[in-house]
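Below are the chains, spelled out letter by letter.
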Amino acid sequence: MGGTEHLTVHREGATLVLTLNRPDAKNALSLPMLVGLYDGWVEADEDDAIRSIVLTGAGGAFCAGMDLKALAGGSMAGQHYRDRLKADPDLHWKAMLRHHRPRKPVIAAVEGYCVAGGTEILQGTDIRVAGESATFGLFEVRRGLFPIGGSTVRLQRQIPRTHALEMLLTGRPYSATEAAAIGLIGHVVPDGTALAKALEIADQINACGPLAVEAVKASVYETAELTETDGLAAELARGWPVFDTADAKEGARAFAEKRPPVYKRA
């Protein structure tokens, strides 16, 4: 497993847990954090033993966005990672899930601040859990900036446009309850329990057929902007081969024998 000074990695069974680990700065994005995030997505993609990913933050915060103090000074922490950016100038966008979508489900476990770049990364996750005191929002316009992490495209596809535009154009904070009401997050839980809830959901996913899970996720995103006719055709092309896998046969046998299935990604 990888990780950097601002991104820790550990496993909980078949779940890879990525923790934004810069609590003194409310986990504001840094170069070491972005490198660690990207490496975590790649690790999950390449390791078949990993069936789900949980993204969370240390110290009672998720992510307060880009480190504006460092940005204003023209530098960021972790200059020794600059060679990684030179080798892959798109790395930071992949890290923020703007230009990369992991094939495994990604569950966000949010506590505290999840604003600006934090809310932008959130939009790249699949399932979202938040503590009741969590705060969301896209503050960029208040600072004369543009939410270039994908929010002007993604947000209106994930929540009603009127709510998307209000969030984007006012730059105001949203409570967890309000974020759930507009559909930005799926679960509001007591403070300090978001990670436990996310891991509970991950365990439910991990118990399912991994080939089926990955195909379902891929189909949802592939067909999102297609017409119904084209989407159904794409779904059939993506989903039908799953029925011919050993995992599908194992699932049927396990159901008939009333036992937990043992999937082998075959």
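All of these numbers come straight from a predicted model, not from anything done at the bench. (Residues numbered from 1 in each chain as written. Predicted model: local features only at pLDDT ≥ 70, side-chain atom pairs only at ≥ 80, totals over all residues. Heavy atoms only, no water.)

Trainee: Can you tell me about the overall build of the chain, naming the residues and giving the values?
Mentor: Each helix and strand counted, the chain has 12 helices and 9 strands in total. For 266 residues, the compact-globule formula gives about 18 Å, and the C-alpha radius of gyration of the chain, at 19 Å, lands near that figure. Overall size of the chain, expressed as C-alpha extent along the three principal axes, is 60 × 40 × 40 Å. Each of the 266 residues in the chain was classed as buried or not, and the buried ones make up 48%. Considering only contacts within the chain whose residues lie at least 6 apart along the sequence, 67% involve residues at least 24 apart. Total accessible area on the chain stands at roughly 12800 Å², and carbon and sulfur atoms take up 57% of it. If the 29 positive side-chain charges of the chain are averaged to one point and the 33 negative ones to another, these points end up 1 Å apart. (Helix = DSSP H or I, 4+ residues; strand = E, 2+ residues; numbered from the N terminus. Rg over C-alpha atoms; globule rule 2.2 N^0.38 Å. Buried < 20%, exposed > 50% of the residue type's maximum accessible area, 1.4 Å probe, protein only. Contact = heavy atoms within 4.5 Å. Areas by Shrake-Rupley, 256 points an atom, 1.4 Å probe, with all protein chains shown as cover. Lys, Arg positive; Asp, Glu negative; His and termini not counted. Charge placed at Lys NZ, Arg CZ, Asp CG, Glu CD.)

Trainee: Report on unusual backbone geometry, specifying residues and quantitative values.
Mentor: Not every positive phi belongs to a glycine, and L97 is a case in point at roughly 65°. A residue is classified by how much of its surface remains accessible, and L97, at 0% relative accessible area, is buried. Even without being glycine, A116 reaches a positive phi, approximately 50°. Checked against the element boundaries, A116 lands in the loop between strand 5 (113–115) and helix 5 (117–122). Residue class for A116 comes out buried when judged on its relative accessible area of 5%.

Trainee: Give a detailed account of the domain arrangement of the chain, specifying residues and quantitative values.
Mentor: Here the chain is described as being made up of domain 1 (7–206) and domain 2 (209–257). Taking only C-alpha atoms, the centre of domain 1 and the centre of domain 2 are 27 Å apart. Each side of the interface is counted separately: domain 1 has 11 residues, and domain 2 has 6 residues. At the boundary of domain 1 with domain 2, total buried surface from both sides reaches about 780 Å², with 51% on carbon and sulfur atoms. The tally of links between domain 1 and domain 2 comes to 3 salt bridges. (Domains from an automatic or database assignment. Buried area = accessible area lost by both parts, 1.4 Å probe. Salt bridge = Lys/Arg side-chain N within 4 Å of Asp/Glu carboxyl O.)

Trainee: Break down the pairing of strand 2 (residues 15–20) for me, with residues and values.
Mentor: For strand 2, a buried count of 6 out of 6 residues is recorded, marking the element as mostly surrounded by other parts of the structure. Residues T15, V17 and T19 of strand 2 are buried on one face, and the alternating residues L16, L18 and L20, pointing to the opposite face, are buried as well. Alignment of strand 1 (residues 7–12) against strand 2, held across 6 bridges, turns out to be antiparallel. Residue T8 lies in a different strand from strand 2, and its bridge partner there is T19. Between the end of strand 1 and the start of strand 2, which pair antiparallel, lie 2 residues, with G13 showing a positive phi angle near 65°. As judged from the 6 bridges shared by strand 2 and strand 3 (residues 52–57), these two strands associate in the parallel manner. Within strand 3, the position partnered with T15 by the bridge is S52. A crossover links strand 2 with its parallel partner strand 3, the connecting element being helix 1 (residues 31–46), and its sense is right-handed. (Pairing = 2+ DSSP bridges. Right-handed = clockwise from strand over helix to strand, strands pointing away.)

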